[in-house]
Amino acid sequence: MKTDAQLQRDVQDHLRWDANTRDAEIGLASKDGVVTLSGQVSSFAQKYSALRAAERVAGVKVVADDLVVRLPSSAARTDTDIAHQVVDILGWDIEVPTDRIKAKVSDGWITLEGEVEWRFERSAAERAVRYLTGVKGVTNLIVVNPKRVSTFEVGQKIKEALRRTAQTDAERVVVEAADGNVTLRGHVRSWAERQDAERAAWSAPGVRSVRDELIVEI
């Protein structure tokens, strides 16, 4: 079990090691496995990188986000400019079904809406717009509405995927599936392992939602 001070040092070191966040002015607090990031960053992409970097550190259970995006003048764009960028970037990404997704831009904040069949399509749309110049944040309201498959098949596919993943101890994860809604319970050894289990669940055909109740054991 890491102390709060040790966990804070580890997260600080990881943020300084990451090329996307080493120059950012990020404040950090740690208490009982909960890490809070605060301060200002120069882009939404940098904010996203900081949150993901903190999550990857062993011992982190939850990351609280108090980061604020303050764009430099050179990165400022009008909502109209950003909207044109969004149309172009979504159209160029082969994983994004552009005919099913709509986007709105307000004060630099992008909201994505629509309905897709696969989780990766939802994620691809968000990933595509996350790094555009002038973006302050992204809200992803895209709904995953897959084809129906049997509840038994969904559960089996997820368990098989977990067993194939070297980072996840499949025997410690309980998978419950009903009508495309999946709940994960049990214990994992790190936040990264928890994310791997969630990704495996989303990769199964027929999954429309994943409720992650896995507990990170330090």
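Here is what the cut-offs are and how they apply
- Residues numbered from 1 in each chain as written.
- Predicted model: local features only at pLDDT ≥ 70, side-chain atom pairs only at ≥ 80, totals over all residues.
- Heavy atoms only, no water.
- Helix = DSSP H or I, 4+ residues; strand = E, 2+ residues; numbered from the N terminus.
- Contact = heavy atoms within 4.5 Å.
- Expected span 1.5 Å × (residues − 1).
- Buried < 20%, exposed > 50% of the residue type's maximum accessible area, 1.4 Å probe, protein only.
- Polar contact = N/O pair within 3.5 Å; in protein donor to acceptor, adjacent residues only side chain to side chain.
- Axes fitted to C-alpha atoms, helices over the stretch in contact; angles between N-to-C directions.
- Parallel < 35°, antiparallel > 145°, perpendicular 65-115°, else oblique.
- Left-handed = near helix turned anticlockwise from the far one by under 90°.
- Salt bridge = Lys/Arg side-chain N within 4 Å of Asp/Glu carboxyl O.
- Phe/Tyr/Trp six-rings, centres within 6.5 Å; stacked < 30°, edge-to-face > 60°.
- Lys NZ or Arg CZ within 6 Å of the ring centre and 35° of its normal.
- Pairing = 2+ DSSP bridges.

## Examining the environment of glutamate 25
Moving on, step 1. Tracing the sequence through the fold places glutamate 25 in strand β1 (residues 25-31).
Moving on, step 2. For the pair glutamate 25 and glutamine 40, spaced 15 residues apart in sequence, the C-alpha separation works out to 6.2 Å.
Moving on, step 3. In this view, glutamate 25 contacts Ser38, Gly39 and Gln40; residues no more than four positions away in its chain are not counted.

## Quick word on helix α6 (residues 191-202)
Moving on, step 1. With 12 residues, α6 extends 17 Å between its outermost C-alpha atoms, agreeing within 8% with the 16 Å of an ideal straight helix rising 1.5 Å per residue.
Moving on, step 2. When we look at burial in α6, the residues that qualify are Trp191, Glu193, Arg194, Asp196, Ala197, Ala200, Ala201 and Trp202.
Moving on, step 3. With a side-chain oxygen positioned 3.1 Å from the backbone nitrogen of glutamate 193, the residue opening α6 is serine 190.

## Things to note about the packing of helix α5 (residues 151-164) against α6
Moving on, step 1. Packing of α5 against α6 leaves a shortest axis separation of 8 Å and a crossing angle of 140°. Relative to α6, α5 is oriented oblique. Along this stretch, α5 crosses α6, giving a crossing that reads as right-handed. Contacts from Ile158, Ala161 and Leu162 of α5 reach α6 at Ala197, Ala200 and Ala201.

## Let's talk about the pattern of salt bridges
Note that side chains of opposite charge can pair when their charged atoms are close.
Moving on, step 1. What the rule picks out here adds up to 15 salt bridges.
Moving on, step 2. Residue glutamate 213 is joined to arginine 185 by a salt bridge in which the shortest nitrogen-to-oxygen separation is 2.8 Å. Note that glutamate 213 is positioned in the loop between β10 (209-212) and β11 (215-216) and arginine 185 in strand β9 (residues 181-188), a separation of 28 residues in sequence.
Moving on, step 3. Judged by its relative accessible area of 27%, glutamate 213 is partly exposed.

## Some details on the packing of aromatic side chains
Moving on, step 1. Considering all chains together, one arrives at 1 aromatic pair under this definition.
Moving on, step 2. Measuring from ring centre to ring centre gives 6.3 Å for tryptophan 118 and phenylalanine 120, while their planes differ by 35°; the resulting arrangement is tilted.
Moving on, step 3. The class of tryptophan 118 is partly exposed, set by a relative accessible area of 30%.
Moving on, step 4. Exposure remark for phenylalanine 120: the relative accessible area of 40% places this residue in the partly exposed category.
Moving on, step 5. Here arginine 52 stacks its cationic end above the ring of tyrosine 48, 4.6 Å away from the centre of that ring.
Moving on, step 6. Residue placement shows arginine 130 over the ring face of tyrosine 48; its charged tip is 3.6 Å from the ring centre.

## Observations regarding the sheet that holds β1
Moving on, step 1. An order of β1-β2-β3 is seen for the 3 strands of this open sheet, with the pairing classed as mixed. Among the strands making up the open sheet, the edge pair consists of β1 and β3 (62-69). If you compare each strand with its neighbour and ignore which way they point, the axes differ by 10° on average.
Moving on, step 2. Relative to β3, strand β2 (residues 34-41) runs parallel, the two sharing 8 bridges. Looking at the pairing, serine 38 lines up with aspartate 66 of β3.
Moving on, step 3. The strands touched by helix α1 (residues 4-17) are β1 and β2; relative to β1, the strand with the most contacts, the crossing angle is about 155°.

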